[in-house]
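# Residue-level structure breakdown
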Amino acid sequence: TDQNVGAVFTGKFGQFNAIVVSESIQSLSPSAYALFNDFVSSGGCLIITGDHASGEDEFLDNVFGFSVGVTDSSDPSDTYSIQPGASGTPFAGGPALLISEDLTTAYSNTPGSIIYNGPLGVAVFTTEFDLGVVTAIGWDYCCDSDEDPNAVLDWYNVVDRAFDLCNPDFVF
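Because the structure is a prediction, the values reported are computed rather than measured. (Residues numbered from 1 in each chain as written. Predicted model: local features only at pLDDT ≥ 70, side-chain atom pairs only at ≥ 80, totals over all residues. Heavy atoms only, no water.)

## Quick notes on the nonpolar core
- Counting residues in each nonpolar core, the largest one holds 28 residues, and the members touching the most others are Phe36, Leu46, Ile48, Phe59, Leu60 and Phe64.
- At the level of elements, α1 (2-9), β1 (18-21), α2 (30-41), β2 (45-49), α3 (56-64), β8 (121-129) and β9 (132-137) are the ones that each hand at least two residues to this core.
- The greatest single-element share of this core, amounting to five residues, is contributed by α2.
- In terms of nonpolar packing, the next biggest core, distinct from the first, is built from 21 residues, Ile47, Phe91, Ile115 and Tyr116 among them. (Core = buried A, V, L, I, M, F, W, Y, C linked by side-chain atoms within 4.5 Å. Buried < 20%, exposed > 50% of the residue type's maximum accessible area, 1.4 Å probe, protein only. Helix = DSSP H or I, 4+ residues; strand = E, 2+ residues; numbered from the N terminus.)

Written as structure tokens, this is what we have:
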């Protein structure tokens, strides 16, 4: 909600250099979107995780002026392999393959570097935005695959690597 966004950016929860945005992120006001834009433009790090393809595109497009598309999948046969765009980033050496978990989001028309890609689209991308960085991770932080319960650990590995892109010297 706009109230929660305002609380974060007025210091109610203390200082931070990164923020993770997840489910229920659509339908914020223009002023709330602007707070996220200002944060990243100033050097902050924003990591967005999947929302079942029901708001990530709206959020990214409204905050940063992107024009991404989204679809989702729960089918474990939908996989995403690491791409050359991971080279030279903290994602290099990460899991070779990610498996769709509970309503994993796949993006299209993504800016920046594609980190994981598959037949449905991009599962992870990252891009610099002014002084900061935006990373989108299609996994929605939910559930294990019945076929491979350890596959969720690969997604956690990717999330951890996304934080390594954040500037530790930037404090908001």
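## What to know about the pairing of strand β4 (residues 79-82)
- When β4 meets strand β5 (residues 97-99), the two strands line up antiparallel, connected through three bridges. Along β5, the bridge assignment pairs Ser81 with Leu97.
- Both β4 and strand β7 (residues 113-118) contribute to a ladder of two bridges, which runs antiparallel. Residue pairing for β7: Ser81 is matched across the bridge by Asn117. (Pairing = 2+ DSSP bridges.)

## Looking at the confidence of the model for the protein chain
- When pLDDT is averaged across the protein chain, the result is 91; 95% of the residues are at 70 or more.
- The least confident element of the protein chain, judged by mean pLDDT, is strand β3 (residues 69-73) at 90; the most confident is β7 at 98. (pLDDT = per-residue confidence, 0-100.)

## Things to note about the packing of aromatic side chains
- Evaluated as defined, the whole model comprises 16 aromatic pairs.
- Ring geometry for Phe9 and Phe39: centres 5.7 Å apart, planes at 55°, overall tilted. Placement of Phe9 in helix α1 and of Phe39 in helix α2 is noted, with a sequence separation of 30 residues between them. Across the pair, exposure class does not vary: Phe9 and Phe39 are buried alike.
- Summarising the aromatic geometry, the rings of Phe9 and Phe172 are spaced 5.6 Å apart at their centres and angled 90° between planes, so their arrangement reads as edge-to-face. With Phe9 in helix α1 and Phe172 in the segment after α4 (151-163), this pair connects stretches of sequence that are 163 residues apart.
- The exposure class of Phe9 is buried, given its relative accessible area of 10%.
- Of the residues examined, Phe172 reaches a relative accessible area of 34% and is grouped as partly exposed.
- By way of ring pairs, the aromatic residues Phe9, Phe16, Tyr33, Phe36, Phe39, Phe59, Phe170 and Phe172 are connected into one cluster. (Phe/Tyr/Trp six-rings, centres within 6.5 Å; stacked < 30°, edge-to-face > 60°.)

## Here's the deal with the pairing of β7
- By the bridge criterion, five bridges tie β7 to β8 in an arrangement that is antiparallel. Of the residues in β8, the one forming a bridge with Asn117 is Val122.
- Between the antiparallel neighbours β7 and β8 lie two residues.

## Remarks on α2
- Its 12 residues place the ends of α2 16 Å apart at the C-alpha level, agreeing with the 16 Å of an ideal helix rising 1.5 Å per residue.
- Of all the positions in α2, only Ala32, Tyr33, Phe36, Asn37, Phe39, Val40 and Ser41 are classed as buried.
- Of the surrounding elements, those touching the buried residues of α2 are α1, β1, β2, α3, β8 and β9.
- Following α2 by one or two positions, Gly43 has its phi on the positive side, about 125°. (Expected span 1.5 Å × (residues − 1). Contact = heavy atoms within 4.5 Å.)

## Some thoughts on the state of the cysteines
- With the rule as written, the count across this model stands at one disulfide.
- Cys45 shares a disulfide with Cys166; S-S distance 2.1 Å. A torsion of -50° about the S-S bond marks the disulfide between Cys45 and Cys166 as left-handed. Of this pair, Cys45 sits in strand β2 while Cys166 is found in the segment after α4, placing the two residues 121 residues apart along the sequence. (Disulfide = S-S within 2.5 Å.)

## Focus on a nonpolar patch on the surface
- Together, Val20, Tyr141, Leu153, Tyr156 and Phe163 line one region of the surface with nonpolar side chains, adding up to about 460 Å² of accessible area.
- Residue contributions to the nonpolar patch peak at three residues, all from α4.
- A relative accessible area of 37% means that Tyr141 is categorised as partly exposed. (Patch = residues over 30% accessible without salt bridge, like charges linked within 9 Å, V, L, I, M, F, W, Y side chains within 5 Å. Areas by Shrake-Rupley, 256 points an atom, 1.4 Å probe, with all protein chains shown as cover. Salt bridge = Lys/Arg side-chain N within 4 Å of Asp/Glu carboxyl O.)

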